[in-house]
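# Coordinates in review
Residue strings, one per chain:
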Amino acid sequence: MTDETGPETGTDTDVTLAEAIGTEAERAELACREGDEAGALDALARLARLAPDRIGAALAAARLHRRAGRLRLALSLCLDLLARHPDDIEIRQEVAECLDLAGCDEAARDLHRRLLREQPEKAASWCGLGRLLLREGHLAAAEACLRRALALDPADLPALEGVGRLLGRLGEARMAGDLLRDALCVAARPAPIQTALAGVLLAEGRAAEALAWLDRALAHDPAEAEARALRAELHQRAGRRDAAWEDAAWARRLAPPPPPPFDAVEPWQGEPVEGLTLWLYPEGSPARTLRLLRVLPVLAEQGIAAVLPLPPPLRPLLGEPPAGVRFEADPAATALPPGARVAALPDLPRLLGLDPLPPPLPLTPPPRPQPPLARPFGTRLAVGLAWGGDDPAAAPPPEAWLDLALVAGVALFGLEPAVAGITDPTLIGDLAQDCADAADLAARLAQLDLVIGPPSLASELAATLGRPVWQIVPAGADPCWGETGETTPLYPSMRLFRAEPGLPPPLERIAAALAEAAAGPAAETVGPSDPFDPDATLATGRLLAQAGRRAAAAICFRRALTRRADPAIAAELADTLRALGRPEAAATVLEPALAAAPESAPCRQALALVRRDQGRLDDALALLDGLATDTPGRNQTLAETLLAAGRVEEGLARFGRDRPLPPEPRWDGGPPEGRGLVVVADGDAIETVLLARYLPLAAARGGLVTLVAPAELAGLLDGLAGLEAVRPPGPAGADEAGALHARLSDLPRLLGGPDGVLAPPTLPYLPPPPAARRRDGRLRVGLAWGGVPRRAACPLEPLLCLAAEPAVTLVALAGNGPAAAELAAAGATLLVETAGPAGTAGLAARLAEVDLVIGGDRLETHLAAAMGLPVWLIPPATPNWRWPWRHEDSPWYPSARLFPRRPDEGWRETVARIGAALRVVASSSAQTTRFRLTSSRGPL
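Just so you know, these numbers come straight off a predicted model, no measurement behind them.

## What about the overall build of the protein?
From N to C terminus, the protein includes 38 helices and 20 strands. Within the protein, the proportion of its 940 residues that are buried is 51%. Expressed as a percentage of contacts within the protein between residues at least 6 apart in sequence, the contacts between residues at least 24 apart total 64%. Element-wise, carbon and sulfur atoms account for 55% of the exposed surface of the protein, whose accessible area totals about 41100 Å².

Laid out in structure tokens, this is it:
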């Protein structure tokens, strides 16, 4: 009987067990959806007992604990799983997530590095690293990792969501929305993605659509904390207080627990409790804490004893607390009494039903003597600037504040640390160095007539003290500052300047309001004389320009122009603006100056350079043709403009003529007749490499050629045909006695003879390095970011997206040193290989290991192209003599393909075109198709 029924009984048992497992799994899923964390954990524990060999239940429990902030418990579960399943990538990925959230960045990064090294073809490895980098703020590197994950698995849900959120942060709302909608097609739990989509729509100002998506998300999962918080913000903006507070209460219940020691105490939900002692913990910035201190007296009125730990910046500011309130410095060192409750300070308005908020808490800062302000001659307003604010990324750039220094009668003083290389004490005084804490800051604020800036501790403290404040608030509705209007019930002395969607911060409106407010008699002044004195400001501007502080120099030149309409000053200002990458602003300065003084050579030459930077090369040439031929710098500017226009031989005929002549005797291009020829490199390293193609032709005239060039080029040019030696600049040796001399820039003319200029030879002229490419199945691409001029060159971050292609390995051609430091700062050390010494020492060896070079107008790209290696070059964003404007090929290097930035493109779009071409080449290379690039090495 037993033998006959045994198998059937076992089958029944298996079915029963499978049903039980399925039931517990459904209970766990349902509990998660309803926000019942305890129920979910109970169901997962039962599931783990029923099926101990299945890791899914324990891993899901670990994720629940992690999302609830119980990182130690989550890590303990994961490490136990890892001991039994050491090779499981999901467990190791969860360990890395926990380490990251616990602040163990190095440990998390090390684990991600090992995962990538062991399983580089796993999308989860790249996605985990991408999420880590995204949390750290390394957006370009994070995007590359997440897109790499999508290339490996186009349906990877975390990667789709991650890229969508990242693009939303970058302002690319359309692409972000498309990706998030794609993610919804494969999402089993759509609420987080619907919430992310709502955030993208909200950033576009589409509040109604955002609210609809949030409603859908919360219909799917009422416990989606991010959706609750975002919907609470939308309700608050629209004035729906009760709905906002209901969602905020949900969000608080679902949020991670408060920091120790508050996590061990029962939270207060606003219910009456006799003899209640309420411990408050601040959240957010010190400015937010200062704003919410106004609610403390309400607690005392209700018989609640409150204890608040103050953030360090505020401790010296606040002396005696309000009645019934105690300030603590270190709550961790204090035992919380039995029966105490806790609450977050930002929750008090909701818990107490305060709408609107009471007036600011009166402050009496401790006396802190400060030296008097140095108010220059004619000062009517002393204005403090808090330019960074609580969110420096959303604040106006530091150089933009300098424009306020053009308002007469206003003295500016910085309340935050000065930005090196941009601000200058002649324009903005530095008060931050006198402010060790908020009490010092309050003493300085009392000396000022006005404070301007985005939300910050300085602006909120000034408003709390009743000082006038002009605050810049973001575009659209804001839960704190409202949706419209220039006033706020929070602070009677505050005036709001609202940014407009898609436009820069409202500093022009602030400048106009400052000019109006500063009209009238000057106050008593102490310190420097007239800050607009043309001679003094002109001298200061020149010193600042020489020191590289061009933004400050431009303001000095503008100040001088307001008092003296001199075309020469206008030309200096325009040159400075052009160097800052602002050719349009330079043109607006020069056009009226040239109309008033049409014969001004400095203005004509400056405008020619501006027109060249604008890409208006014919206009630039016409302006230069109207200058006298002996105008300093005119010939070189004309030569470079002709070369940029593609008129190579005309440009070479004039190139270098303004430079110092070489020593005598000078070569005339004929046979040297037994004498040596010393060629002096009269340009930078890049120009030397580019024109070195003429040296073998000079040697063919019969002389021994010595090149005088920077020492860094010696090892790179030694193999040039016909070149006897390369020596650094300095005294000539005995072997050069009687030698003829020439500048390197003279060679095209001297070799062309009386009939004209010798066109540039285009065959590779430097010996290629021996092929030593590693064969791992991937296309090895050498990167050389930046270029000349740096302001117009493609930086590193846009190029990182090339790492998204799985069949490509990126290599930094600059080696270790500054390049490695720059990669580390961008979070890209796992995306781009670095090896060998920095600079040119190991460059030949690095070029030998790559199949293709991609980069800007740099020495590395010129050397690779001179060797005949395939180069994809990103020319500067403004016309440059080495690369004909808007061309996609080069008269100098046949192996170079140019990717010029189009008028409607940013660097991201330009590099995206390169990425599309790279995918074709990488795919062809991986399939061993004979895809040929122009190269002395032949097919890849």
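## Section: the sheet that holds strand β5 (residues 381–385)
Here we have six strands laid out as an open sheet, ordered β7-β6-β5-β8-β9-β10, and parallel in their pairing. Each having just a single partner strand, β7 (428–430) and β10 (494–498) make up the two edges of the open sheet. In this sheet, adjacent strand axes meet at a mean angle of 25° when their direction is disregarded. Two strands pair when backbone bridges link them, and β5 and strand β6 (residues 410–414) are joined in this way by five bridges, in the parallel orientation. Residue Leu381 lies in a different strand from β6, and its bridge partner there is Val410. In the packing of helix α21 (residues 507–517) onto the sheet, the strands contacted are β5, β6, β8 (450–453), β9 (469–473) and β10, and the crossing angle to β9 comes to about 170°.

## Digging into the UniProt feature "repeat: TPR" (unreviewed entry) in the protein
Cross-referencing UniProt, the feature "repeat: TPR" (unreviewed entry) maps to residues 123–156 in the present numbering. Helix makes up 82% of residues 123–156 and strand 0%, and the two end C-alpha atoms of the span are 7 Å apart.

## Here we look at the nonpolar core
Of all hydrophobic cores here, the largest spans 76 residues; its most connected members are Leu799, Leu802, Leu831, Ile854, Trp872 and Leu918. Ranked by the residues each element gives to this core, the list is headed by helix α11 (residues 191–203), at eight residues. In contact with Leu799, other than residues within four places in its own chain, are Leu783, Trp785, Cys794, Leu810, Ile854, Ile874 and Val911. Judged by nonpolar contacts, the second largest core, of 60 residues, contains Trp667, Ala698, Leu717 and Val853.

## As for the sheet that holds strand β2 (residues 305–309)
What the four strands build is an open sheet, ordered β3-β2-β1-β4; its pairing is parallel. Lying at the two open borders of the sheet, with one neighbouring strand each, are β3 (325–328) and β4 (341–344). Shown here is a sheet whose adjacent strand axes are inclined to one another by a mean of 25°, direction ignored. As paired elements, strand β1 (residues 277–281) and β4 share four bridges and run parallel to each other. Across the sheet, residue Tyr281 finds its bridge partner in β4, namely Ala344.

## Some points on the side chain of Asn880
You can see Asn880 is positioned in the loop between β19 (871–873) and β20 (896–898). At 2.9 Å, the side chain of Asn880 forms a polar contact with the backbone nitrogen of Arg882. Beyond its immediate chain neighbours, meaning those up to four positions away, Asn880 contacts Ala644, Val788 and Asp857.

## Considering helix α27 (residues 617–625)
All of the buried residues in α27 are Leu617, Ala620, Leu621, Leu623 and Leu624. Seen from one end, α27 has its buried residues packed into an arc of 160°, which puts them on one side. Set apart from the buried face of α27 by more than 90 degrees, the exposed residues are Asp618 and Asp625. Each element contacted by the buried residues of α27 is listed here: α25 (583–596), α26 (601–613) and α28 (634–644).

The rules behind these values
Residues numbered from 1 in each chain as written. Predicted model: local features only at pLDDT ≥ 70, side-chain atom pairs only at ≥ 80, totals over all residues. Heavy atoms only, no water. Helix = DSSP H or I, 4+ residues; strand = E, 2+ residues; numbered from the N terminus. Buried < 20%, exposed > 50% of the residue type's maximum accessible area, 1.4 Å probe, protein only. Contact = heavy atoms within 4.5 Å. Areas by Shrake-Rupley, 256 points an atom, 1.4 Å probe, with all protein chains shown as cover. Pairing = 2+ DSSP bridges. Axes fitted to C-alpha atoms, helices over the stretch in contact; angles between N-to-C directions. UniProt positions renumbered as here; feature names shortened; annotations may be inferred. Core = buried A, V, L, I, M, F, W, Y, C linked by side-chain atoms within 4.5 Å. Polar contact = N/O pair within 3.5 Å; in protein donor to acceptor, adjacent residues only side chain to side chain. Arc of directions from axis to C-beta.

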